Amino acid sequence: MRLFDHLNAWELGGYTGIDGKQVKHNLILRTQKLSDMNADQLDALVNDYHLKTVADFRMTVERNDYPDPELEGVNNYHIKIIDEDLLQKDQRHPH
């Protein structure tokens, strides 16, 4: 379910995993950059959806260019899913 008009923000409840179980509603949200959200939208994430943890999968350069706002009571974790050192090395020495 889309959370906010014109933003890539979704509530993922109801999706079925490979184990056949469904994700509980209002438990996992997927959003674009939090820096694109206005104060009312951020307030809704914290107060209506009870946001407590942000798992940020963006690359360091993306996080530096568009830092997430600090939200009271919300822990923000940067989880690297791309080996940025290897990516930079590949860009310097293309095949």
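Preceding this paragraph is the structure being described.
### What about the overall build of the protein?
And then number 1: Helix and strand counts for the protein stand at three helices and four strands.
And then number 2: Listed by position from the N terminus, the elements making up the protein come as β-β-α-β-α-β-α.
And then number 3: Its C-alpha radius of gyration of 16 Å places the protein more than 25% over the 12 Å reference for a compact globule of 95 residues.
And then number 4: Its C-alpha atoms put the protein at 45 × 35 × 25 Å along the principal axes.

### Considering the pattern of salt bridges
And then number 1: Considering all chains together, one arrives at four salt bridges under this definition.
And then number 2: Where R58 meets D56, a salt bridge forms, and the shortest distance between an N and an O atom there is 2.9 Å. For the residue pair R58 and D56, the accessibility class agrees, reading buried in each case.
And then number 3: A salt bridge links D68 to R58, with the nearest nitrogen and oxygen atoms 3.2 Å apart.

### Considerations on the side chain of E11
And then number 1: Tracing the backbone shows E11 in strand β1 (residues 10-11).
And then number 2: Here E11 sits buried without a salt bridge, and the closest side chain of opposite charge, K24, lies 12 Å off (N-O distance).
And then number 3: At 3.3 Å, the side chain of E11 and the side chain of H25 are in polar contact.
And then number 4: At a separation of 2.5 Å, a polar atom in the side chain of E11 contacts the main-chain amide nitrogen of N26.

### Digging into unusual backbone geometry
And then number 1: Of note, N26 is a non-glycine position whose phi angle comes to about 60°, a positive value.
And then number 2: Residue placement: N26 occurs in the loop between β1 and β2 (29-30).
And then number 3: A relative accessible area of 46% means that N26 is categorised as partly exposed.

### Topic: the pairing of strand β4 (residues 75-78)
And then number 1: Bridging between strand β3 (residues 53-56) and β4 involves four bridges; their strand directions are parallel. By the bridge assignment for β4, V54 is matched with N76.
And then number 2: Regarding topology, helix α2 (residues 60-65) serves as the crossover connection from β3 to the parallel β4, and that connection is right-handed.

### Brief notes about a nonpolar patch on the surface
And then number 1: Where nonpolar side chains cluster on the molecular surface, the patch consists of F57, Y77, I79, I81 and I82 and spans about 490 Å² of accessible area.
And then number 2: Assignment of secondary structure puts F57 in the loop between β3 and α2.

### What to know about the packing of aromatic side chains
And then number 1: Tallied over the full model, the rule gives zero aromatic pairs.
And then number 2: The cationic tip of K33 hangs over the ring face of Y66; the distance from NZ or CZ to the ring centre is 4.3 Å.

How each quantity is defined
Residues numbered from 1 in each chain as written. Predicted model: local features only at pLDDT ≥ 70, side-chain atom pairs only at ≥ 80, totals over all residues. Heavy atoms only, no water. Helix = DSSP H or I, 4+ residues; strand = E, 2+ residues; numbered from the N terminus. Rg over C-alpha atoms; globule rule 2.2 N^0.38 Å. Salt bridge = Lys/Arg side-chain N within 4 Å of Asp/Glu carboxyl O. Buried < 20%, exposed > 50% of the residue type's maximum accessible area, 1.4 Å probe, protein only. Lys, Arg positive; Asp, Glu negative; His and termini not counted. Polar contact = N/O pair within 3.5 Å; in protein donor to acceptor, adjacent residues only side chain to side chain. Pairing = 2+ DSSP bridges. Right-handed = clockwise from strand over helix to strand, strands pointing away. Patch = residues over 30% accessible without salt bridge, like charges linked within 9 Å, V, L, I, M, F, W, Y side chains within 5 Å. Areas by Shrake-Rupley, 256 points an atom, 1.4 Å probe, with all protein chains shown as cover. Phe/Tyr/Trp six-rings, centres within 6.5 Å; stacked < 30°, edge-to-face > 60°. Lys NZ or Arg CZ within 6 Å of the ring centre and 35° of its normal.

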